[in-house]
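Observations on chain architecture
Listed below, chain by chain, are the residues.
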Amino acid sequence: MMMMMTETMTPEMQTCMDVCMDCHKMCMETMTHCMSKGGQHMDKNMMSMMRDCSEMCMMCMNMMMSGSEFMERTCMLCAEMCDRTAMACEMMSDDAKMMQCAAACRKCAESCRSMQMMPA
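Numbers given for residues are sequential positions, taken from 1 along each chain in its written order. Note on the predicted model: pLDDT of at least 70 is required for a residue's local features to be given, and 80 or more for side-chain atom pairs to be given and counted; whole-chain, interface and lining totals, by contrast, use all residues. In computing side-chain properties, one takes all heavy atoms of the structure into account and sets aside hydrogens as well as water.

Taking an unreviewed UniProt entry as the reference, the protein chain is identified by name as Four-helix bundle copper-binding protein belonging to Nostoc cf. edaphicum LEGE 07299.

Written out as structure tokens, the structure reads:
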């Protein structure tokens, strides 16, 4: 059963959606950055992880907008993926863009975990 967005959207959900969008954009920007840098930045696993994280953030936003019954579980998976992406980015601590991506991922993970507390 789908809920109408305007009737069920809480300020916490809107915040989470905004943070997910920021994370999505940052992962995409960071992938472009990595492609321009080459070398260790082009690690296949790193690029795949950022792409997956970006896609999961979009899915999470879509689930919240539609009021999906799977929103909570989607948010938990998104949080896990964001945490892993942040850890991977933090391994390149000498690169400011990688650290910005890590920070966006951490913020998104925290916000998504807060959705677990939301009533269904």
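Comments concerning the packing of helix α3 (residues 44-66) against helix α4 (residues 71-90)
Geometry is summarised by axes, namely lines fitted to C-alpha atoms with helices restricted to the contacting stretch, and by angles between N-to-C directions that run from 0 to 180 degrees. A run of DSSP states H or I qualifies as a helix once it reaches four residues; a run of E qualifies as a strand once it reaches two. Both are numbered from the N-terminal end. The interhelical angle for the contact between α3 and α4, taken along N-to-C directions, is 155°, at an axis separation of 9 Å. Classified by the interaxial angle, the pair formed by α3 and α4 is roughly antiparallel. α4 is crossed by α3, and the crossing has left-handed handedness. Contact residues: α3 offers Met46, Met49, Met50, Asp52, Cys53, Met56, Cys57, Met59, Cys60, Met63 and Met64, while α4 offers Met71, Thr74, Cys75, Leu77, Cys78, Met81, Cys82, Arg84, Thr85, Ala88 and Cys89. Classification used: nonpolar for Ala, Val, Leu, Ile, Met, Phe, Trp, Tyr, Cys and Pro, charged for Asp, Glu, Lys and Arg, polar for all others including Gly. Among the residues making up the contact of α3 with α4, the classes are represented as 18 nonpolar, two polar and two charged. Comment on the angle field: the value is read as roughly parallel under 35 degrees, roughly antiparallel over 145, roughly perpendicular from 65 to 115, and oblique elsewhere. By convention, the crossing between two helices is left-handed when the near helix turns anticlockwise from the far helix through less than a right angle, and right-handed when the turn is clockwise. Contacts between residues were defined by any pair of non-hydrogen atoms, one from each residue, lying within 4.5 Å.

Examining helix α5 (residues 96-114)
Here the expected length of a helix is defined as 1.5 Å per residue gap, with one fewer gap than residues. Its 19 residues place the ends of α5 27 Å apart at the C-alpha level, agreeing with the 27 Å of an ideal helix rising 1.5 Å per residue. Under the scheme applied here, a residue whose accessible area is under 20% of the maximum for its type counts as buried, over 50% as exposed, and between as partly exposed, the area being computed with a 1.4 Å probe on protein chains only. Among the residues making up α5, those that are buried are Lys97, Met98, Cys101, Ala102, Ala104, Cys105, Cys108, Ala109, Ser111 and Cys112. Capping the start of α5, Asp95 holds a side-chain oxygen 2.9 Å from the backbone nitrogen of Lys97, two or three residues further along. Polar contact criterion, stated in full: a pair of N or O atoms within 3.5 Å, where within protein one must be able to donate a hydrogen and the other to accept it, and residues adjacent in sequence count only if both atoms are side-chain atoms.

Section: the nonpolar core
The biggest cluster of nonpolar side chains holds 37 residues, and the ones touching the most others in it are Cys20, Met50, Met64, Cys82, Cys108 and Cys112. Broken down by secondary-structure element, the contributors of at least two residues to this core are α2 (11-37), α3, α4 and α5. Counting residues per element, this core draws most heavily on α2, at ten residues. In this description, a nonpolar core means a group of buried Ala, Val, Leu, Ile, Met, Phe, Trp, Tyr and Cys residues linked to one another through side-chain atoms lying within 4.5 Å.

A word on α3
Between the first and last C-alpha of α3 there are 33 Å, a value that for 23 residues agrees with the 33 Å anticipated at 1.5 Å per step. Those residues of α3 that sit buried are Met46, Met47, Met50, Cys53, Ser54, Met56, Cys57, Cys60, Met61, Met64 and Ser66. The inward-facing, buried residues of α3 abut α2, α4 and α5. Its side-chain oxygen at 3.2 Å from the backbone nitrogen of Asn45, Asp43 defines the N-terminal cap of α3. Looking one or two residues beyond α3, the residue adopting positive phi is Gly67, at roughly 70°.

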